[in-house]
Amino acid sequence: MEKKDSTDSIAVKNDAAMREIPLGAFGFVDIRRYGDYYIDKTKFLYEIVKRPRPFFLSRPRRFGKTLLLDTLECILSGQQDLFKGLWIGQSDYDWTPYPVIRLNMDEVEGSNLKEIKNSLIELMVDAAKANNEKLDVTTPAKMLKRLIIGLNETHKKKVAVLIDEYDTPIIDNIKNPSMAEKIRVILRKFYRALKTNSKYLCHVFITGVTRFTQLSIFSGLNFLNDITLDEEYAAICGFTAEELEVLLSDRMERTLKGLIEKKSLPPLSDENDLRQLIRDWYDGYSWDGQTRVYNPWSVLSLFQKTKRSNYWLNTGTPDFLRQLAPRFSRNIDWLKNIPPITEDELSIDNIEHLNPAVLMFQAGYLTIKENLGPIKRSAGYSLRVPNLEVQASITPQLFEIDAADDPLEAKNWAKKTRDRLFKLDAPGVEEAFSFYLSQYSATAYTIFESKYQNLLEAALYMADQKFDPQAVTPHGILDFHIDGPNGERFIVELKVYREYVKKSPQAKRTIPTPKSINAPEEDSKIDHIPPPSSEKEIAKLKESMTPLANEALSQIRKQYADKFRADGKPLIMVALVMARRTFVLAKFDVIEPE
């Protein structure tokens, strides 16, 4: 079908049987013209357009901010025909057209201030051309001012300004705090033109990934209505459970069939299994602690490709987080114990001293689990990783596991670890897991069990394997519960053979004292201890480690087995004993169904 140059008379398709997944669509006009899926968010936009004041919204990449602005632009420019059958199309909105300035700050690029300024000037020149206006000034702030006033005079109406990804020039340079600060100053002067010319404006809507404090970047725009954490707008981006069902209504059969044919893990058999998979992998985001939404990009990608994957990682992760994450921590324990944080603290006010939890929240790696208090701004929020897709994305980055600088090799080894575990191949598990010990130096000399637990988590996440770490049972907390490919249940208990380290002459002076035994950084002080090399040394070490492995199996049988035996499926007990940087002892025991 040939696309039209004008949108004045667009035939909007509403035949559900012809709807397509709108990945790669050019915007709202294309989606409506070709009858693609569109989850109706126009009720939220109605609430916004009826209040002529500036709004600000922060959401991660690939969460629909650009589509939201596309839709808002069509509303403000009076394109009523596009909204037949949508909520706002049946409302009392009067469809008065306004001149609209649309700016996408993703287009502002440069590695120095001159390039940034020139790119910003080009953006304004393009915006003027799009509105048939001419500019006779050459600085970005003056160009924005002149464009606003010019459109107001030409149309005899107030002007709407929509700015997408306002913070891109800053976060693209955030690894260089000095440069990022200079860019912030430029943008502050640019955005200030909105305040000084507010009498000519009817609507302002600004989106971005980060929430810089208004004083640090929106100087003078202290009247911005930041709706990022407002309960009223919690579902403005992303899919709610009800909205997901709209998509599933005519995609369920195709998606389920495709996943079954491709032998997706975990195995699927019916519609409930598919719903659970989507919930585990792509749900869980919240910006108020109550309303949960699915990642729209990942869900649509699943429906289009009928394959479970980490879609958001490669398309939604800002480069700045990839660059900065390794300096935050080489241990994922802190992600499980993030202290409550206030609303004010969820904004960035200092580029040089970034709070990793805040940065990861804004980038989409963390989300609000719960609002801990009723008082706005002084209320505390608890943060968590939203779902398995994000966990699978973040864990390898924090561990910096890269076999010979090749992440693909690390992922292949992770899958080997999983597959050998499922085949009860003890030597194979020992070989594969030893690979991780050799790659992750912070674990190389540790006597702390939690480090090995984190490492196995990383391997399982990279292998796209669903599992339950630190699973609670009536008799204690087991290390890992893993669902096998044929319904088996794997119960994994990890043990550290401390005697091998303690008896080594090289380590005696560096073993942490009882006073500091829980301090993770202490383990890095343990000197290198040569691993066993000869077959005789390995056999002797295995023999000395075996009682600890038997103890682990006995612990599983006595404390944890009963919880998993009721469903009549095989229960496979796994003991993993770590003694050295490159040595692991694996032992299996199977409890057959009664």
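Figured I'd write up the structure that's included with this text. These numbers were taken from a predicted model, which means no experiment stands behind them. (Residues numbered from 1 in each chain as written. Predicted model: local features only at pLDDT ≥ 70, side-chain atom pairs only at ≥ 80, totals over all residues. Heavy atoms only, no water.)

### Remarks on helix α23 (residues 535–565)
Then, in step 1: Between its terminal C-alpha atoms α23 stretches only 39 Å, short of the 45 Å expected from 31 residues at 1.5 Å a residue.
Then, in step 2: The largest bend along α23 measures about 50° and falls at Gln559.
Then, in step 3: Considered for burial, the residues of α23 that qualify are Leu541, Met545, Leu548, Ala549, Ala552, Leu553, Gln555, Ile556, Tyr560, Ala561 and Phe564. (Helix = DSSP H or I, 4+ residues; strand = E, 2+ residues; numbered from the N terminus. Expected span 1.5 Å × (residues − 1). Bend = angle between axes of the 7 residues up to and from the residue. Buried < 20%, exposed > 50% of the residue type's maximum accessible area, 1.4 Å probe, protein only.)

### Let's talk about the pattern of salt bridges
Then, in step 1: Tallying each qualifying case throughout the model produces 21 salt bridges.
Then, in step 2: Put simply, Lys542 and Glu430 hold a salt bridge, and the shortest N to O gap is 3.6 Å. Note that Lys542 is positioned in helix α23 and Glu430 in helix α19 (residues 426–439), a separation of 112 residues in sequence.
Then, in step 3: Three or more residues joined by partner-sharing salt bridges are found here, namely Glu47, Lys50, Arg51 and Glu232. (Salt bridge = Lys/Arg side-chain N within 4 Å of Asp/Glu carboxyl O.)

### Some thoughts on the nonpolar core
Then, in step 1: Counting residues in each nonpolar core, the largest one holds 99 residues, and the members touching the most others are Phe83, Ile101, Leu103, Ile163, Leu194, Phe205 and Leu366.
Then, in step 2: When sequence neighbours within four positions are dropped, the list of residues in contact with Phe83 reads Phe28, Arg32, Thr42, Thr71, Cys74, Ile75, Ile88, Gly89 and Trp95.
Then, in step 3: With 60 residues, the next largest nonpolar core counts Leu300, Ala392, Leu421 and Leu494 among its residues. (Core = buried A, V, L, I, M, F, W, Y, C linked by side-chain atoms within 4.5 Å. Contact = heavy atoms within 4.5 Å.)

### Quick word on the packing of aromatic side chains
Then, in step 1: Taken as a whole and assessed by the stated rule, the structure comprises 16 aromatic pairs.
Then, in step 2: Seen in terms of ring centroids, Trp312 and Tyr365 are 5.3 Å apart; in terms of plane orientation they differ by 80°. Their pairing is edge-to-face. Separated by 53 residues along the polypeptide, Trp312 in helix α13 (residues 311–316) and Tyr365 in the loop between α16 (356–363) and β7 (367–371) bring together distant segments of the chain. Tyr365 carries the same exposure label as Trp312, and that label is buried.
Then, in step 3: Put simply, the rings of Phe28, Tyr38, Phe83, Tyr93 and Trp95 pair up and form one aromatic cluster.
Then, in step 4: The cationic tip of Lys416 hangs over the ring face of Trp413; the distance from NZ or CZ to the ring centre is 4.8 Å. (Phe/Tyr/Trp six-rings, centres within 6.5 Å; stacked < 30°, edge-to-face > 60°. Lys NZ or Arg CZ within 6 Å of the ring centre and 35° of its normal.)

### What to know about the side chain of Gln555
Then, in step 1: Tracing the sequence through the fold places Gln555 in helix α23.
Then, in step 2: Residues contacting Gln555, with those up to four places away along its chain left out, are Glu493, Lys495 and Tyr560.

### Some words on the sheet that holds strand β2 (residues 100–104)
Hydrogen bonds between backbone atoms are what pair the strands of a sheet, whose relative direction is either parallel or antiparallel.
Then, in step 1: The sheet built from five strands is open, its strands ordered β2-β3-β4-β1-β5 with parallel pairing. Each edge of the sheet is formed by a strand with only one pairing partner; in this case those strands are β2 and β5 (225–226).
Then, in step 2: Sheet analysis places strand β1 (residues 54–58) next to β5, joined by two bridges and oriented parallel. Bridge pairing links Phe56 to Asp226 in β5. (Pairing = 2+ DSSP bridges.)

### So, the packing of helix α5 (residues 140–155) against helix α7 (residues 177–196)
Two quantities define a packed helix pair, namely the angle between the helix axes and the distance between the axes.
Then, in step 1: Here α5 crosses α7 at 20°, and the two axes come no closer than 8 Å. Classed by the angle they form, the pair α5 and α7 counts as roughly parallel. The chirality of how α5 crosses α7 is right-handed. Residue-level inspection shows Pro140, Ala141, Leu144, Lys145 and Ile148 of α5 in contact with α7, the latter providing Lys189, Phe190, Ala193 and Leu194.
Then, in step 2: When the residues that make up the contact of α5 with α7 are grouped by side-chain class, the tally is seven nonpolar, no polar and two charged. (Axes fitted to C-alpha atoms, helices over the stretch in contact; angles between N-to-C directions. Parallel < 35°, antiparallel > 145°, perpendicular 65-115°, else oblique. Left-handed = near helix turned anticlockwise from the far one by under 90°. Nonpolar A, V, L, I, M, F, W, Y, C, P; charged D, E, K, R; others polar.)

### Quick look at a positive patch on the surface
Then, in step 1: A grouping of Arg254, Lys262, Lys305, Lys307 and Lys415 is seen on the molecular surface, where their side chains present a positively charged patch.
Then, in step 2: With respect to the helices, strands and loops of the structure, Lys307 is situated in the loop between α12 (296–305) and α13. (Patch = residues over 30% accessible without salt bridge, like charges linked within 9 Å, V, L, I, M, F, W, Y side chains within 5 Å. Areas by Shrake-Rupley, 256 points an atom, 1.4 Å probe, with all protein chains shown as cover. Lys, Arg positive; Asp, Glu negative; His and termini not counted. Charge placed at Lys NZ, Arg CZ, Asp CG, Glu CD.)

### Section: unusual backbone geometry
Then, in step 1: The phi dihedral of Arg62 is positive, around 60°, even though this residue is not glycine.
Then, in step 2: By the secondary structure assignment, Arg62 is in the loop between β1 and α3 (65–76).
Then, in step 3: The backbone phi angle of Lys156 is positive, close to 55°, even though this residue is not glycine.
Then, in step 4: Its location among the elements puts Lys156 in the loop between α5 and β3 (159–164).

### Examining the pairing of strand β4 (residues 201–208)
Then, in step 1: With eight of eight residues buried, β4 is to be regarded as a mostly interior element.
Then, in step 2: Where β1 meets β4, five bridges bridge the pair, whose relative direction is parallel. Bridging from a neighbouring strand, Leu57 pairs with Thr207 of β4.
Then, in step 3: Judged from the five bridges that link them, β3 and β4 form a sheet pairing that is parallel.

### Digging into the sheet that holds strand β8 (residues 380–384)
Then, in step 1: Here we have three strands laid out as an open sheet, ordered β6-β8-β7, and antiparallel in their pairing. Across the chains shown, the open sheet's two edge strands, defined by having one partner strand only, are β6 (341–342) and β7.
Then, in step 2: Strand direction decides the pairing type here: β6 and β8, joined by two bridges, are antiparallel. Bridging across to β8, Ile341 finds its partner in Tyr381.

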